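Letter by letter, the chains look like this.
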Amino acid sequence: MNYEELLESKSASKTKGAKMLLGHFSKKLVGEKYQNVLDITPTLNDSIKFVEGLKNESAKNRELKHKNQMHFEEEVSGRGEFVALNLEPGNYTTLDQLLNEQPALVADRAFIDALIGQLMDLTAYLHEQNIWHVCYAPQNILVRKGDHAPMLLNHGSFYLGMKDKMQLYQGMEDYVAPEIRGDGTIDNRCDIYSLGRLMEWLFKMAEVPYEYRKVIKKALTEEPEGRCQTVEDMRKALKHKREFYKSALMLLGAVVAALLIVGLYFDLMPETSEVEFVKPAPKQPNDDLLEEGFDPAELGVVSGDTLVMTPEERRSLEEYNAKAEQIFRKRFTAEADRVLSKIYDNEHMNSSEKVFLSEMSSINDELLKLQNDIGNEAGLSTTRSQLIATEIVESLTEQKKKKLQYYGVQK
């Protein structure tokens, strides 16, 4: 298909509209304005149960006040047959057509969560009115262009009295629960099944998130007893799985961070080297210069007594070392807190393990450089500055982990 044929195909699709439950949805020019119209399939008027069902739905439709419920006015022919439904004004398309035109939307979690959330809200509202939608096929859901708000039109529970009820669902049979296709039993669980089928369809072109994967599997259980019993149960299961997954990621991040801190601790610990003791050579006769009256002072050797510090000198040295450690602790604590804050926040703790490890390695290098620089400026030995730095890093890490307690890191 060349480019011109593609444009013609899309133009034809917009002109033809879309097949929905009771007929064909399209826009028609009425006077100077376009009107959203659902042309009812003519053969449906042959069923008395269909006509009764549409009359009942039309009366109930006026009472439904939910923002995601599409309202309509029926158009009747001179012979009393339903010809069309004139829908409320707005720019609408079917969910199927929307994702054909903008397939990238399935990768937008905000779009998916909003779509499913609003459909659940409306479904719960309908169930309170003893109404069941039955079929959540993407071609049976209208979407408002702009904010992508889903709108439901005709509900299947009004037409279950039809002798051939599956006549309505041609091309959408997979979205109807097994018990509806069988003996026609209807309750909340048939809508749970159909919502599960819709979720499954949405993620055919994208990776299924963990929380949706579990909920979809439960919703598509063949036996109604194995599914969630209400929409609220389904919503709670989705929320629980989402929070569990986030907590698992946070816990994994905390474990990785703890392991890295332990590794950093051992990296900062001073290395110990074994001292090899060598036995002195045997004393040779007449070789001891001291025995011959040799004076070590002649070579500038100072006796040990001269190296002994006075109490005043020792106190002065201890005060100096204490002051140096105090300066080091104050400066390193401030800098280490700043550096660790880069990694211990919700954004980084929710990142993938690969990204987290990469960033933590950079943090360790920065901490080690700070310890060396500040230690040298304070006049501390490398060994002493390493020990103090390790103590400070461990303390700050524990403090930051406790602040993340609300998110499930700490038990």
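Residues numbered from 1 in each chain as written. Predicted model: local features only at pLDDT ≥ 70, side-chain atom pairs only at ≥ 80, totals over all residues. Heavy atoms only, no water.

J.: How should I be thinking about the overall build of the chain in this particular structure?
T.: Check the secondary structure of the chain and you find 12 helices and 8 strands. Expressed as a percentage of its 411 residues, the buried residues of the chain come to 39%. Long-range pairs, those at least 24 residues apart, make up 67% of the contacts in the chain with a sequence separation of at least 6. (Helix = DSSP H or I, 4+ residues; strand = E, 2+ residues; numbered from the N terminus. Buried < 20%, exposed > 50% of the residue type's maximum accessible area, 1.4 Å probe, protein only. Contact = heavy atoms within 4.5 Å.)

J.: Explanation requested: the pairing of strand β3 (residues 33-40) in the structure shown.
T.: Note on strand geometry: in a regular strand, side chains alternate between the two faces of the sheet. Sheet topology places strand β2 (residues 23-30) next to β3; 8 bridges connect them, and they run antiparallel. The partner of His24 across the bridge, within β3, is Asp39. Linking β2 back to β3 in an antiparallel pair, the connection comprises 2 residues, with Gly31 at a positive phi of about 70 degrees. As defined by bridge partners, β3 adjoins strand β5 (residues 82-87) across 3 bridges and the pair is classed as antiparallel. (Pairing = 2+ DSSP bridges.)

J.: Help me understand unusual backbone geometry, please; the structure alone is not making it clear to me.
T.: As a rule of thumb, non-glycine residues mostly have phi less than zero, and peptide bonds are mostly trans rather than cis. We note that Asn130 has phi near 60 degrees; this positive angle belongs to a residue other than glycine. Relative accessible area serves as the criterion here: at 56%, Asn130 is assigned to the exposed category. Not every positive phi belongs to a glycine, and His148 is a case in point at roughly 60 degrees. Tracing the backbone through its elements, the reader meets His148 in the loop between β7 (142-144) and β8 (150-151).

J.: Any chance you could explain the environment of Glu88 here in plain terms?
T.: Structurally, Glu88 is set in the loop between β5 and β6 (92-94). When the C-alpha positions of Glu88 and Val37 are compared, they lie 9.0 Å apart, and in sequence the two are 51 residues distant. Those residues in contact with Glu88 that sit more than four places away from it in its chain are Asn36, Gln69, Met70, His71 and Met151.

J.: Can you help me understand the packing of aromatic side chains in this one?
T.: Aromatic ring pairs are described here by two measures, namely the spacing of the ring centres and the angle between the planes. Taken as a whole, this structure holds 3 aromatic pairs when the rule is applied. Relative to Tyr159, the ring of Phe50 lies with its centre 5.5 Å away and its plane at 25 degrees, an arrangement referred to as stacked. Placement of Phe50 in helix α2 (residues 48-61) and of Tyr159 in the loop between β8 and α5 (178-181) is noted, with a sequence separation of 109 residues between them. A relative accessible area of 0% places Phe50 in the buried class. Residue Tyr159 is classed as buried on the basis of its relative accessible area of 1%. (Phe/Tyr/Trp six-rings, centres within 6.5 Å; stacked < 30°, edge-to-face > 60°.)

J.: What am I meant to see in the packing of helix α9 (residues 311-340) against helix α12 (residues 382-403) here?
T.: The axes of two packed helices give the description: the angle between them and the distance between them. It is the contact of α9 with α12, at a shortest axis distance of 10 Å, that shows an interaxial angle of 40 degrees. Between α9 and α12, the crossing angle belongs to the class labelled oblique. For α9 against α12, the interelement crossing comes out right-handed. For the pair formed by α9 and α12, the contact residues are Glu325, Phe328, Arg329, Phe332, Thr333, Ala336, Asp337 and Leu340 on the first element and Arg384, Ser385, Ile388, Ala389, Glu391, Ile392, Val393, Leu396, Thr397 and Lys400 on the second. Here the contact of α9 with α12 is built from residues that sort into 9 nonpolar, 3 polar and 6 charged. (Axes fitted to C-alpha atoms, helices over the stretch in contact; angles between N-to-C directions. Parallel < 35°, antiparallel > 145°, perpendicular 65-115°, else oblique. Left-handed = near helix turned anticlockwise from the far one by under 90°. Nonpolar A, V, L, I, M, F, W, Y, C, P; charged D, E, K, R; others polar.)

J.: What exactly am I supposed to notice about the sheet that holds β6 here?
T.: Backbone hydrogen bonds are what pair the strands of a sheet, in a parallel or an antiparallel way. Spatially, the 3 strands line up as an open sheet ordered β6-β7-β8, and their pairing is antiparallel. Sheet topology places β6 and β8 at the edges, where each strand pairs with a single neighbour. One ladder, built from 3 bridges, connects β6 with β7; its direction is antiparallel. Residue pairing for β7: Tyr92 is matched across the bridge by Arg144.

J.: Any chance you could explain helix α7 (residues 210-219) here in plain terms?
T.: Given 3.6 residues to a turn, an α-helix orients residues that are three or four positions apart in the same direction. Of all the residues in α7, the buried ones are Glu211, Tyr212, Val215, Ile216 and Ala219. Burial along α7 is one-sided: seen end-on, the buried residues are contained in an arc of 120 degrees. (Arc of directions from axis to C-beta.)

J.: How should the sheet that holds β2 be read in this particular structure?
T.: Strand order in this open sheet of 5 strands is β1-β2-β3-β5-β4, and the pairing throughout is antiparallel. Looking at the sheet topology across the chains shown, the edges are occupied by β1 (18-19) and β4 (72-76). In this sheet, β5 lies alongside β4 in antiparallel orientation, the contact comprising 5 bridges. Residue pairing across strands places Glu73 opposite Asn86, the latter belonging to β5.

J.: Even after reading the chapter, I still don't get the pattern of salt bridges, so can you show me in this structure?
T.: A side chain with one charge may pair with a side chain of the opposite charge, provided their charged atoms come close. The tally for this structure, following the rule as stated, stands at 20 salt bridges. For Asp187, the salt bridge identified is with Arg189, shortest N-O distance 2.7 Å. Across the salt bridge formed by Arg331 and Glu377, the nearest N and O atoms sit 2.5 Å from each other. Pair noted here: Arg331 is in helix α9 and Glu377 is in helix α11 (residues 353-378), with a separation of 46 residues, a long-range link. Salt bridges sharing common partners tie together Glu335, Arg338, Lys342 and Glu366. (Salt bridge = Lys/Arg side-chain N within 4 Å of Asp/Glu carboxyl O.)

J.: What is the right way to read the nonpolar core from this model?
T.: As a rule of thumb, nonpolar side chains are buried together in soluble globular proteins. Counting 72 residues, the largest nonpolar core has Phe50, Leu95 and Met234 as its most contacted members. For this core, the element with the highest residue contribution is helix α4 (residues 109-128), accounting for 9 residues. Residue contacts for Phe50: discarding those within four places in its chain leaves Leu22, Ile40, Leu44, Asn45, Tyr159 and Met162. (Core = buried A, V, L, I, M, F, W, Y, C linked by side-chain atoms within 4.5 Å.)

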